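Chain residues, written in single-letter form:
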Amino acid sequence: MAVTDVPHERSLRVGVLTGAGNHEDVVQQLSPLGAVEWCERTDALLGAAAGGRFDAVVTGPENEDGRSIAATLVDLAALCPALPVVIHSRVNLATIEKLIGVMAVGMRTECVVRPFARIEPVLRHLCSPAYRPSAVPLLLHHVMPVVPTVLRVFVALAILTAATRRGVDELARWSGSSPRTIERRLRSEHWPGAHVVLRSFIALDALWLMTEYGWSARRVQVVRGFSHPSGVTRLLSTYAGTRPSTLNDDGGFAAALDHVMGVVLGRSSAGG
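All values reported here derive from a predicted model rather than from experimental measurement.

Novice: Any chance you could explain the packing of aromatic side chains here in plain terms?
Specialist: Taken as a whole, this structure holds 3 aromatic pairs when the rule is applied. Ring geometry for Trp208 against Phe253: centres 5.2 Å apart, planes inclined by 75°, an arrangement best described as edge-to-face. With Trp208 in helix 10 (residues 194-213) and Phe253 in helix 13 (residues 252-264), the pair connects residues that are 45 residues apart, well separated along the chain. Given the relative accessible area of 7%, Trp208 is considered buried.

Novice: When you look at unusual backbone geometry in this model, what are you seeing that I'm missing?
Specialist: Most peptide bonds take the trans form, and the phi angle of most residues other than glycine is negative. The linkage connecting Arg114 with the following residue, Pro115, adopts the cis geometry, with an omega of -10°. Note on placement: Pro115 falls in the loop between strand 5 (109-113) and helix 5 (119-126). Of note, the phi angle at Arg165 is positive, near 55°, even though the residue is not glycine. Tracing the chain through its elements places Arg165 in the loop between helix 7 (152-160) and helix 8 (168-174). A positive phi angle, close to 65°, is found at His190, a residue other than glycine. Residue placement: His190 occurs in the loop between helix 9 (179-188) and helix 10.

Novice: Got a minute to help me understand the pattern of salt bridges in this structure?
Specialist: Pairs can form between side chains of opposite charge once their charged atoms are near each other. Tallying each qualifying case throughout the model produces 10 salt bridges. Of the charged contacts, one joins Asp55 and Arg13 as a salt bridge, the two residues approaching to 3.2 Å between their closest N and O atoms. Taken together, the positions of Asp55 in the loop between helix 2 (42-50) and strand 3 (56-59) and Arg13 in strand 1 (residues 12-17) put the pair 42 residues apart, joining distant regions of the chain. Put simply, Arg152 and Glu97 hold a salt bridge, and the shortest N to O gap is 2.6 Å. With Arg152 in helix 7 and Glu97 in helix 4 (residues 96-102), the pair connects residues that are 55 residues apart, well separated along the chain. Overall, the relative accessible area of 12% leaves Arg152 in the buried class.

Novice: Mind showing me how you'd approach the sheet that holds strand 1 here?
Specialist: Strand pairing in a sheet relies on backbone hydrogen bonds, with the paired strands running either antiparallel or parallel. A sheet is described by the order of its strands in space; here 5 strands give the open sequence 2-1-3-4-5, paired in parallel fashion. With partners counted over all chains shown, the strands left at the sheet margins are strand 2 (34-39) and strand 5, one partner each. With direction set aside, neighbouring strand axes in the sheet form an average angle of 20°. Bridging between strand 1 and strand 3 involves 3 bridges; their strand directions are parallel. The partner of Val14 across the bridge, within strand 3, is Ala56.

Novice: What is the right way to read the pairing of strand 1 from this model?
Specialist: Each regular strand displays side chains that alternate between the two surfaces of the sheet. Within strand 1, 5 of the 6 residues are buried, which leaves it mostly tucked inside the rest of the structure. Where strand 1 and strand 2 come together, 6 bridges link them in parallel fashion. Looking at strand 2, one finds that Val16 is bridged to Trp38. The parallel pair strand 1 and strand 2, bridged by helix 1 (residues 23-30), forms a crossover whose chirality is right-handed.

Novice: Quick question: what am I supposed to make of the environment of Arg165 here?
Specialist: Judged by its relative accessible area of 28%, Arg165 falls in the partly exposed class. When the C-alpha positions of Arg165 and Thr149 are compared, they lie 23 Å apart, and in sequence the two are 16 residues distant. Apart from the residues within four sequence positions on either side, Arg165 is in contact with Ile202, Arg224, Gly225 and Phe226.

Novice: Please clarify how the packing of helix 7 against helix 10 should be interpreted in this entry.
Specialist: Packed helix pairs are characterised by how far apart their axes lie and by the angle those axes make with each other. With their axes 8 Å apart at the nearest point, helix 7 and helix 10 run at an angle of 35° to one another. Relative to helix 10, helix 7 is oriented so that their crossing is right-handed. Note on element contacts: helix 10 touches helix 7 through Ala194, Val197, Leu198 and Phe201, opposite Phe154, Val155, Ala158 and Ile159. Partitioned by chemical class, the residues of the contact of helix 7 with helix 10 number 8 nonpolar, no polar and no charged.

Reading the values: rules and limits
- Residues numbered from 1 in each chain as written.
- Predicted model: local features only at pLDDT ≥ 70, side-chain atom pairs only at ≥ 80, totals over all residues.
- Heavy atoms only, no water.
- Phe/Tyr/Trp six-rings, centres within 6.5 Å; stacked < 30°, edge-to-face > 60°.
- Helix = DSSP H or I, 4+ residues; strand = E, 2+ residues; numbered from the N terminus.
- Buried < 20%, exposed > 50% of the residue type's maximum accessible area, 1.4 Å probe, protein only.
- Salt bridge = Lys/Arg side-chain N within 4 Å of Asp/Glu carboxyl O.
- Pairing = 2+ DSSP bridges.
- Axes fitted to C-alpha atoms, helices over the stretch in contact; angles between N-to-C directions.
- Right-handed = clockwise from strand over helix to strand, strands pointing away.
- Contact = heavy atoms within 4.5 Å.
- Left-handed = near helix turned anticlockwise from the far one by under 90°.
- Nonpolar A, V, L, I, M, F, W, Y, C, P; charged D, E, K, R; others polar.

Structure below.
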């Protein structure tokens, strides 16, 4: 993902809540960013954040008592509205609902998938002036309730990684399956192939940036690392039923989401 990152010489102060992963691994990942403070309890994390000790926070989807971290994130947002938060979590059937519960539209929050993705580049991007909240929370809330159980892990991963455009083989491995198994499961549920599913969510990610923030295809190309703006145009026309030049007339993001849902669920869509 091509982004305007926080300069490497800037040192960040990162608060990490117990449950964000293996202590040694997380500290090793974060040490290039600056100082890491490990908090055993949410009250300690909130107190330190309120005191201005952190530039960012890393947490798992649960607090130290095994309850959802959602309430803590609400408290954290009230204390420090612009504080970047990374949710460092495995993605499986046991964690998906927890992730849906903590990802909120418009928040400076991203999920990093354990143990595959790295925290540092995501946190740098979150702390960058170029960062804009993505469509991930909206897509999780809108799409996941209608996804069959056998597809939930793969589809959740497809949504969570749309901005970084991971491939089928990689996400199959992250989901603990083979690409052949993923394709068989998709066919059994009358969904399109894995490549279509992934590209459809990548198209929605690009569309969100264009409709929510007024970005041009060229800016999406640069920030998301496409080779040329025409690649963004082809992506939208092929998988979202629209083009940059007709996006507003076609109904914007909402119509494109309806189109994608129609394709993946095998229904006729409003976007044609």
